[in-house]
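So you can see what is in the structure, the chains are spelled out below.
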Amino acid sequence: MLMRRTASAVRVWTPAKVNLFLEVLARRPDGYHELATLMMAVSLYDTLEFTEETTGATSLHCDHPSLSTGPENLICRAVQLARRESGRSDGVGIRLWKRIPMAAGLAGGSSDAAATLAGLNRFWRLGWDRSKLIQLGSELGSDVSFFFAAPAAWCTGRGEQIEPLRLGRPLDLVLVAPPVGLSTADVFRGVTVSTEPRAGAAIRQAAAAGDVRELGRQLHNRLQPAAERLCPAVADLFARLAGLGPVGQLMTGSGSTVFALCRYPGEALSIARALHSARDELNGARVFVVRSCD
Ligand code: C5P
């Protein structure tokens, strides 16, 4: 997350994430699932700007017409939470430039919520430290807290218990986001909890060592079969990416985005070029060449 303060505004650039590994360990009595997942922030950003709102209200404007800017938006919920915790009642105007595809497994909404907590912390000079932000983030959603520990972390519990992880080298990816998103709750409803969960030690080791080939072998997402049943484009794009020869490919989070893990930046560019030449067959899916964040 990058932040800049000017005389009258705070601007935040907040990234998307991908899951290189996601195992579902159990269903919990509270309706959530116990997870073990390796999350990594990538260089695809939403931008938020915070300014004073003299009316005393909260206003949210977004350049994406299909995003609701009502009170259920996670940004508005984050403002409410920040007000409650800080006792501040000042008005705030928020502008959002949305680039991260929505309902796509890239945690764009969670990233925006994290950016709102971090942005207001700076804008209102609240002095919250990282552990306070992580605790508040977990009240808003399972993968909000990760954005305070990015660029990479091993996450457990609902996803909100975070162990930061240093990548051995930057990773280059191609993301392919179908035009149809998926509801996280729907995908989790269809998941089968394995009696033999995959262990994450090998992928954590490969990530720390920067061993891209081993990372490719260890990519795993237990949610992918459930997402493929709801959205056949996931399986189509997965097979298409496999055919282009990256080191590995996977769906991220609860989908519907799939990604190719590449050996070096040039390989990501040539895979993106190959996808672009076959764009008529992608049925409107969008392609992004990204790198893990520093
Ligand atoms: O926490 P968040 O609001 O992002 O989760 C959205 C939905 O995804 C939850 O209501 C739940 O149905 C499902 N979920 C889950 N287990 C998790 C995270 C999310 O079942 N660890």
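Residues numbered from 1 in each chain as written. Predicted model: local features only at pLDDT ≥ 70, side-chain atom pairs only at ≥ 80, totals over all residues. Heavy atoms only, no water.

## Brief notes about the overall build of the protein chain
Looking only at helices and strands, the protein chain features 9 helices and 12 strands. Taking 294 residues into account, the globule formula puts the C-alpha radius of gyration at 19 Å, and the protein chain, at 19 Å, falls close to it. In terms of overall dimensions, the protein chain has a C-alpha envelope of 55 × 45 × 35 Å along the principal axes. Looking at the protein chain as a whole, 53% of its 294 residues qualify as buried. Across the protein chain, the fraction of contacts at a sequence separation of at least 24, relative to all contacts at a separation of at least 6, is 74%. Taken together, the 33 basic and 28 acidic charged side chains of the protein chain have centroids lying 3 Å from each other. (Helix = DSSP H or I, 4+ residues; strand = E, 2+ residues; numbered from the N terminus. Rg over C-alpha atoms; globule rule 2.2 N^0.38 Å. Buried < 20%, exposed > 50% of the residue type's maximum accessible area, 1.4 Å probe, protein only. Contact = heavy atoms within 4.5 Å. Lys, Arg positive; Asp, Glu negative; His and termini not counted. Charge placed at Lys NZ, Arg CZ, Asp CG, Glu CD.)

## A short note on the domain arrangement of the protein chain
When the domains of the protein chain are assigned, the result is domain 1 (2-164) and domain 2 (172-291). Of the residues lining the interface, 28 residues belong to domain 1; the matching set on domain 2 comes to 37 residues. Between domain 1 and domain 2, roughly 2,500 Å² of surface is buried when both sides are summed, and carbon and sulfur atoms account for 64% of that area. At the surface where domain 1 touches domain 2, the tally comes to 2 salt bridges. Of the charged contacts in the structure, one is a salt bridge between Arg-204 and Glu-163, with a shortest N-O distance of 2.6 Å. For the interface between domain 1 and domain 2, the tally reads 16 residue pairs in polar contact (both at pLDDT 80 or more). Looking at the side of domain 1 that touches domain 2, the elements with two or more residues in it are strand 2 (9-27) and strand 3 (33-52). Classifying every residue of the side of domain 1 that touches domain 2 by side-chain character gives 19 nonpolar, 4 polar and 5 charged. (Domains from an automatic or database assignment. Buried area = accessible area lost by both parts, 1.4 Å probe. Salt bridge = Lys/Arg side-chain N within 4 Å of Asp/Glu carboxyl O. Polar contact = N/O pair within 3.5 Å; in protein donor to acceptor, adjacent residues only side chain to side chain. Nonpolar A, V, L, I, M, F, W, Y, C, P; charged D, E, K, R; others polar.)

## Considerations on helix 2 (residues 108-123)
The end-to-end C-alpha distance of helix 2 is 21 Å, a good match for the 22 Å that 16 residues give at a rise of 1.5 Å each. Burial runs high along helix 2: 14 of the 16 residues are buried. (Expected span 1.5 Å × (residues − 1).)

## Things to note about the pairing of strand 3
Counting buried positions over the 20 residues of strand 3 gives 15, a clear majority of the element. Looking at chain direction, strand 2 and strand 3 are connected through 17 bridges and run antiparallel. Across the sheet, Trp-13 pairs through a bridge with Thr-47, a residue of strand 3. Where strand 2 folds back onto strand 3 in an antiparallel hairpin, the turn is made up of 5 residues, including Gly-31, whose phi is positive at roughly 95°. Relative to strand 6 (residues 152-157), strand 3 runs antiparallel, the two sharing 6 bridges. Each bridged residue has a counterpart across the sheet, and for Ala-36 the counterpart in strand 6 is Thr-156. (Pairing = 2+ DSSP bridges.)

## Observations regarding the site of the ligand
The immediate surroundings of the ligand are formed by Gly-31, Tyr-32, His-33, Leu-35, Gly-141, Ser-142, Arg-158, Thr-184, Ala-185 and Phe-188. Ser-142 has a polar side-chain atom sitting 2.6 Å from an oxygen atom of the ligand. The backbone of Arg-158 places a nitrogen or oxygen atom 2.9 Å from a nitrogen atom of the ligand. Protein burial of the ligand: of its 450 Å² of free accessible surface, 74% is covered by the chains. Using a 2 Å cut-off from the grid points, one finds that the ligand occupies the largest pocket. Listed by contribution, the elements that provide at least two residues to the shell around the ligand are strand 3 and helix 4 (184-189). With 3 residues, helix 4 is the largest single contributor of residues to the shell around the ligand. Across the shell around the ligand, the residue classes tally to 4 nonpolar, 5 polar and 1 charged. Both domains that meet at the shell around the ligand, namely domain 1 (2-164) and domain 2 (172-291), each give it at least three residues. (Near = heavy atom within 4 Å. Areas by Shrake-Rupley, 256 points an atom, 1.4 Å probe, with all protein chains shown as cover. 1 Å grid on protein atoms, 1.4 Å probe; cavity = no way out; pocket = protein on both sides within 12 Å on 5 of 7 lines; lining within 4 Å. Sits in = over half its atoms within 2 Å of the grid points.)

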